[in-house]
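# Residue-level structural notes
Read off the chains here:
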Amino acid sequence: MLFRSIPPRKNSRKLPEIFSYNELKRLFASTSNLKHRLMLMTAYAGGLRVSEVIHLRVRDIDSERMTIRIKNGKGGKDRYTILSQRLLDELRCYWKKYRLEDFLFPSAFRDGVLARETPNKAFKEAKKKAGITKKVTFHSLRHTFATNLLESGVDIRTIQILLGHSSITSTTIYLHVARKDINAVKSPLDLIDMSNVDRLKRSKS
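Here goes a summary of the coordinates provided. Here the structure is a predicted model, which is why all the values come from computation and not from measurement. (Residues numbered from 1 in each chain as written. Predicted model: local features only at pLDDT ≥ 70, side-chain atom pairs only at ≥ 80, totals over all residues. Heavy atoms only, no water.)

### A few points about the sheet that holds strand S3 (residues 79-82)
In spatial order, the strands read S1-S2-S3; together these three strands make up an open sheet with antiparallel pairing. Whereas interior strands pair on both sides, the edge strands pair on one side only; in this sheet they are strand S1 (61-62) and S3. (Pairing = 2+ DSSP bridges. Helix = DSSP H or I, 4+ residues; strand = E, 2+ residues; numbered from the N terminus.)

Structural data, given as structure tokens:
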């Protein structure tokens, strides 16, 4: 039959947009609300999804083991991710100010789970103030976390565990985004001796 000779259409895969370090600095600096800034920093520092950030509890921050415990992540799985020393210092100041007992980023109205619209809205406002024009979202902080780890030499299997991916196939997308190997490749244009071309251009001008 005719349809059997038609090859199946491949699913298109779009690579995620990644923040530069300068953009991250501007993003965090443009957020005056302490709780909002720490939500953004936590998402980036540990590679958390927005749903994981709003469900974090104070007891999930383990300063002795320098880990963050993620309970009931995607697929209902628990995992641990890394705790940044800089983030820990900021969280300690935050805790001393508000003396939180349960949720790390509680709702102001019901002292329970924060609505996921809150961190998303905080992100959009910070992005606008920071003058970032890339098509990035709150989830892009997680993408940037994974990409930066890969660029710093962390192996792909470890990144898979930190992100909580069931399959390493989901993690390998960052191999196409990381600049570590790309930067080691020289464009063939840079291998051409352009001195004669430059002299010719000057003589014609």
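### Looking at the packing of aromatic side chains
Taken as a whole, this structure holds five aromatic pairs when the rule is applied. A ring pair is formed by Phe19 and Phe123, whose centres lie 6.2 Å apart and whose planes are at 80°; its orientation type is edge-to-face. Of the two residues, Phe19 is situated in the segment before helix H1 (21-29) and Phe123 in helix H5 (residues 117-130); the sequence distance between them amounts to 104 residues. Taken together, the aromatic side chains of Phe19, Phe123 and Phe138 make up a single cluster linked through ring pairs. A cation sits over an aromatic face here: Arg57 above Phe103, 4.1 Å from the ring centre. A cation over an aromatic ring shows up here: Arg65 above the ring of Tyr80, its NZ or CZ 5.2 Å from the ring centre. (Phe/Tyr/Trp six-rings, centres within 6.5 Å; stacked < 30°, edge-to-face > 60°. Lys NZ or Arg CZ within 6 Å of the ring centre and 35° of its normal.)

### Overview of the packing of helix H2 (residues 34-46) against helix H6 (residues 140-151)
Relative to each other, H2 and H6 sit at 35°, their axes nearing to 7 Å. Every pair of crossing elements has a handedness; the one defined by H2 and H6 is right-handed. Contact residues: H2 offers Leu40, Ala43, Tyr44, Ala45 and Gly46, while H6 offers Leu141, Arg142, Thr144, Phe145 and Asn148. Considering only residue class, the contact of H2 with H6 consists of six nonpolar, three polar and one charged. (Axes fitted to C-alpha atoms, helices over the stretch in contact; angles between N-to-C directions. Left-handed = near helix turned anticlockwise from the far one by under 90°. Contact = heavy atoms within 4.5 Å. Nonpolar A, V, L, I, M, F, W, Y, C, P; charged D, E, K, R; others polar.)

### Here's the deal with the pattern of salt bridges
All told, the structure shown has seven salt bridges when counted by the stated rule. The salt bridge involving Glu23 is made with Lys134; its shortest N-O contact spans 3.0 Å. Placement of Glu23 in helix H1 and of Lys134 in the loop between H5 and H6 is noted, with a sequence separation of 111 residues between them. By relative accessible area, which is 25% here, Lys134 ends up partly exposed. Counted as one network, the salt bridges with shared partners bring together Arg49, Glu52 and Arg79. (Salt bridge = Lys/Arg side-chain N within 4 Å of Asp/Glu carboxyl O. Buried < 20%, exposed > 50% of the residue type's maximum accessible area, 1.4 Å probe, protein only.)

### Quick word on H1
Those residues of H1 that fall on the buried side of the exposure criterion are Glu23, Leu24, Leu27 and Phe28. Within H1, the buried residues cover an arc of 130° as seen down the axis, which keeps them to one side. Those residues of H1 that are exposed and aimed more than 90 degrees away from the buried face are Lys25 and Ala29. Of the surrounding elements, those touching the buried residues of H1 are H2, H5 and H6. (Arc of directions from axis to C-beta.)

### Re the environment of His143
Positionally, His143 belongs in helix H6. Those residues within four positions of His143 in sequence are excluded, and the remaining contacts are Pro16, Ile18 and Tyr174.

### Some details on the pairing of strand S2 (residues 67-70)
Across two bridges, the pairing between S1 and S2 is antiparallel. Bridging across to S2, Ile61 finds its partner in Ile68. Hairpin connection of S1 to S2: four residues between the antiparallel strands, including Met66 at a positive phi of 55°. Across four bridges, the pairing between S2 and S3 is antiparallel. When the sheet's bridge partners are listed, Thr67 is paired in S3 with Ile82.

### Re the environment of His165
Inspection of the secondary structure assignment puts His165 in the loop between helix H7 (156-163) and helix H8 (168-171). Between the alpha carbons of His165 and Lys74 there is a distance of 8.7 Å; along the sequence they are 91 residues apart. Non-local contacts of His165, meaning those with residues more than four positions away in its chain, are made with Arg49, Lys77, Arg142, Gln160, Ser170, Thr171 and Tyr174. In terms of polar contacts, His165 uses its side chain to reach the side chain of Arg142, at 3.4 Å. (Polar contact = N/O pair within 3.5 Å; in protein donor to acceptor, adjacent residues only side chain to side chain.)

### With respect to the side chain of Ser140
Along the chain, Ser140 turns up in helix H6. Here Ser140 is in contact with Glu17 and Phe19, once residues within four sequence places are set aside.

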